[in-house]
Amino acid sequence: MNNTYKNFFIFFVVLMIAYSFGSFFAQRNVASRQKEEYTYQQFEEDLNAKKVKSIEVSQNEEVPTGQVTVSMSDGEKESFYVTDVNEVIQDAKTYEITYKVDNVNRTGGILTGVLPYCIVLLIIMGFMFVMMNRAAGGGGGNKMMNFGKSRARMQDPNVKKVRFDQVAGLHEEKEELKEIVDFLKNPGKFIEVGARIPKGVLLVGPPGTGKTLLAKAVAGEANVPFFSISGSDFVEMFVGVGASRVRDLFEEAKKNSPCIIFIDEIDAVARRRGTGLGGGHDEREQTLNQLLVEMDGFGVNEGIIVMAATNRVDILDPAILRPGRFDRKVAVGSPDVKGREEILRVHVQGKPLAEDVDLHQIARTTPGFSGADLENLMNEAAILAARNDSHFIRMEDVRKAFIKVGIGTEKKSRLVPELERKITAYHESGHAILFHVLPDVGPVYTVSIIPTGVGAAGYTMPLPENDNVFNTKGRMLQDIKVGMGGRIAEELIFDDITTGASQDIKSVTNTARDMITKYGMSENLGFINYEVDADEVFLGRDLGHTKQFSEEVANQIDKEVKKIVDECYADAKRIIEEHMDVLHACAALLLEKERINREEFEALFDKE
Ligand code: ADP
Ligand code: MG
Ligand code: ZN
């Protein structure tokens, strides 16, 4: 807390208390001046003297205090305050005079006298408290004082909450996260059956695909507070600041549980340890350690769920993926045609469209666009429409916006020409068929022709099966064949071949070479390591000595590599030729849907 604020606050409280008491006594003085003559003692004396005819008691609400009005035998009336009306009633009974107990009376009495002032005081204190929290949370005031404080922003509860229906596409992702929502809403149900709720959920996917949006939607659906912080906020100039921010963040969250902590761009803190320059104990590592300690520290089922987003899961420290930490991983992929159309539908809400705007058509021509790109596209179109004084968006505006955003982000979301899509579709189908047919690789999990952010036109992903400790010769040969499938399919269908297979060729060559030089799997070269250690070359350690074998052996290695590659090529080609129907069907399906899953792919083989 900021010192200036603190002093001001204390001063203010003292002022208010002084005011309250002052006002109270001022009023009491007025009251007592009027009723000076009459007291409880006087009343007792009058009772003894049998001067009292009857009394009327007005008790205050919920407390025994009250006002007593005394009617004398001579017609005079007096009144006084008592701390316990029961005493007076008892007196009335003893002296056998008539008494009447009134309905509850609100005025008078010590408590009711001060009460309004207390309420005013409380309201003002509450107001001050809110103001101060704002100042501290918003980083306002004196910045130096806020160093160790977390920069997390708790989402203003008055801001309209994000709901799942605002997140378009991503059906499977939402399905997975519904479980988390369910837990936050109704933890008892899970605890009852002894379930361990995941503490951390890692959202992995390319930028702009809706990871932040999804995390917000989980908080919105569960109706819990949402603390968000970016990984880079933890990394500061001064050592220890990041760690103390983490501590602060979790403390804050515990006070507000159940809640969600969202760490955006977690790779900024959670990069693999020991890779930073300048020794093993840099600031980032301390921060990461603190994060791990906090995540281990709060108990299971405490109602805090840590969500984090990254597009670089490969560089994350494996420690954060252990059970009890980020043990759920949700892959948030680039949207396919259908997903893009759904996203467009979300973002044209509130934007009047001309009749010629065809969202399906826009979706078809935007492969590789992320949700954020599409949002941007429609926004640009709306701006263009407004600039033309049009009251609705026409297809023409969208087309112009297309050029504008398309050029701006050319590399990332390039518009893929139809022929290129077709080639990619056949290429990926070729890989997929081999994955499916060969016994030790696959099964195929996804085939996609949605460009990935990293330059690939598509991908074929096998289901990651068991973690094998070592590879076998058979499996390595099959890997080589799978790698060739893309190019072979291109060759079989098109007159020309593309450069798209360069990555495949590289990995095929590496595998084949490793088999011979590293693993002794050749026919003639035997049980000898012929590896050229790339690291040593880089360090310049044995410069000139890196090759520890003769030219003759080098030639022989090349020959063996070529032999493996040629044999695999022939075999792979034979397999694909046997399944030409599947190749065509798979490519067609890919062109239509852009991404197909295991069931859809295997159904093609069933038809055959
Ligand atoms: P990420 O965190 O993955 O980089 P964001 O969640 O920040 O992406 O997305 C940025 C914006 O893009 C969102 O605010 C939203 O307008 C739009 N967007 C992205 N994905 C979707 C989606 N699936 N549905 C609707 N809008 C989306
Ligand atoms: Mg984000
Ligand atoms: Zn390929």
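Within each chain, residues carry numbers counting from 1 in the order of the written sequence. Here chains are named by letter from A upward and ligands by number from 1 upward, in the order in which they appear as written. Owing to the predicted nature of the model, reporting of local features is limited to residues with pLDDT of at least 70; listing and counting of side-chain atom pairs is limited to 80 or more, with chain, interface and lining totals taken over all residues. With hydrogens and water excluded, all non-hydrogen atoms of the structure serve as input to the side-chain values.

A. Layout of the confidence of the model for the protein. Every residue gets a pLDDT, meaning the predictor's confidence in that residue, from 0 to 100. Taken as a whole, the protein shows an average pLDDT of 79; of its residues, 77% reach a score of 70 or greater. For the stretch residues 29-35, pLDDT sits under 50, and the model shows 1 contact to residues farther than four places along the chain or on other chains. Across residues 407-413, confidence stays below pLDDT 50; counting only partners more than four residues off in sequence or on other chains, it has 7 contacts. Throughout, a residue-residue contact means that at least one pair of heavy atoms, one from each residue, lies within 4.5 Å.

B. Expanded view of the packing of helix H11 (residues 337-347) against helix H13 (residues 371-387). In this analysis an axis means a line fitted to C-alpha atoms, helices contributing only their contacting stretch, and an angle means the value between N-to-C directions, from 0 to 180 degrees. Note on conventions: DSSP H or I runs of at least 4 residues are helices, E runs of at least 2 residues are strands, and numbering of each starts at the N terminus. Where H11 meets H13, the axes come as close as 9 Å, and the angle between the chain directions of the two elements is 45°. Considering their axes alone, H11 and H13 lie oblique with respect to each other. In the crossing of H11 with H13, the sense of the turn from one axis to the other is right-handed. Contacts between H11 and H13 pair Arg340, Ile343, Leu344 and His347 from the former with Gly371, Leu374, Glu375 and Met378 from the latter. Three classes are used: nonpolar for Ala, Val, Leu, Ile, Met, Phe, Trp, Tyr, Cys and Pro, charged for Asp, Glu, Lys and Arg, and polar for all others, with Gly counted as polar. Along the lines of polarity and charge, the residues of the contact of H11 with H13 split into 4 nonpolar, 2 polar and 2 charged. Under this scheme an angle from 65 to 115 degrees is roughly perpendicular, one under 35 degrees roughly parallel, and one over 145 degrees roughly antiparallel; angles in between are oblique. Put simply, a crossing is left-handed when the front helix is turned counterclockwise from the back one by less than a right angle, and right-handed when it is turned clockwise.

C. View of the site of ligand 1. The environment of ligand 1 is formed by 16 residues, the closest being Ala168, Gly208, Lys211, Thr212 and His347. Side-chain atoms alone can form a polar contact between residues adjacent in sequence; in general such a contact is a pair of N or O atoms within 3.5 Å, and within protein one must be able to donate a hydrogen while the other accepts it. Separating a nitrogen atom of ligand 1 from a backbone N or O atom of Ala168 is a distance of 2.9 Å. Residue Gly208 places a main-chain N or O atom 2.8 Å away from an oxygen atom belonging to ligand 1. Here the open area of atoms and residues is found with the Shrake-Rupley method and a 1.4 Å probe, where only the protein chains shown may cover a residue. Burial of ligand 1 by the protein chains amounts to 80% of its free accessible area of 560 Å². Elements with a minimum of two residues in the shell around ligand 1: helix H7 (211-222), H11 and H13. When its residues are assigned to classes, the shell around ligand 1 shows 7 nonpolar, 7 polar and 2 charged. Note on definitions. A residue lies near a molecule or strand when any single heavy atom of the residue is within 4 Å of it.

D. Geometry of the sheet that holds strand S1 (residues 52-59). In this analysis, strands are considered paired if DSSP registers two or more bridges between them. Strand order in the open sheet formed by 4 strands is S3-S2-S1-S4, and the pairing between neighbours is mixed. A strand with exactly one partner marks an edge of an open sheet, and here the two such strands are strand S3 (77-82) and strand S4 (98-101). Across the sheet, the mean angle from the axis of one strand to that of its neighbour is 20°, orientation sign disregarded. Two strands pair when backbone bridges link them, and S1 and strand S2 (residues 66-72) are joined in this way by 7 bridges, in the antiparallel orientation. Within S2, the residue paired with Ile55 across the bridge is Val70. Lying on the sheet, helix H3 (residues 85-94) is in contact with S1, S2, S3 and S4; it crosses S1 at an angle near 155°.

E. Examining the packing of aromatic side chains more closely. Here a pair means two rings of Phe, Tyr or Trp (six-membered ring of Trp) with centres within 6.5 Å. Their orientation is stacked below 30 degrees between planes, edge-to-face above 60, and tilted elsewhere. Applying the stated rule across the entire model yields 5 aromatic pairs. Both rings, one in Phe43 and one in Phe80, keep their centres 5.2 Å apart while their planes meet at 40°; by these two values the pair is tilted. Of this pair, Phe43 sits in helix H2 (residues 40-48) while Phe80 is found in strand S3, placing the two residues 37 residues apart along the sequence. In this pair, the class of Phe43 matches that of Phe80, namely buried. Each residue's exposure class comes from its accessible area (1.4 Å probe, protein chains only) as a fraction of the maximum for that residue type: buried when under 20%, exposed when over 50%, partly exposed otherwise.

F. View of helix H5 (residues 171-185). Along its 15 residues, H5 runs 21 Å from first to last C-alpha, staying within 8% of the 21 Å computed at 1.5 Å per residue. The bend at a residue is defined as the angle formed between two axes, one fitted to the seven residues ending at that residue and one fitted to the seven starting there. Of all the bends found along H5, the most pronounced is centred on Leu177 and spans about 25°. Within H5 the residues assigned to the buried category are Glu173, Lys174, Leu177, Ile180, Val181, Phe183 and Leu184. The secondary structure elements touched by the buried residues of H5 are helix H6 (187-192), strand S6 (200-204), H7, strand S8 (259-264), strand S9 (304-310) and strand S10 (328-331). To estimate how far a helix should extend, the number of its residues minus one is multiplied by 1.5 Å.

G. Molecular detail of the environment of Val68. Inspection of the secondary structure assignment puts Val68 in strand S2. A relative accessible area of 0% places Val68 in the buried class. Between the C-alpha atoms of Val68 and Val82, which are 14 residues apart in sequence, the distance is 7.3 Å. When neighbours within four sequence positions are excluded, Val68 is seen to be in contact with Ile55, Glu56, Glu78, Ser79, Phe80, Val82 and Val88.

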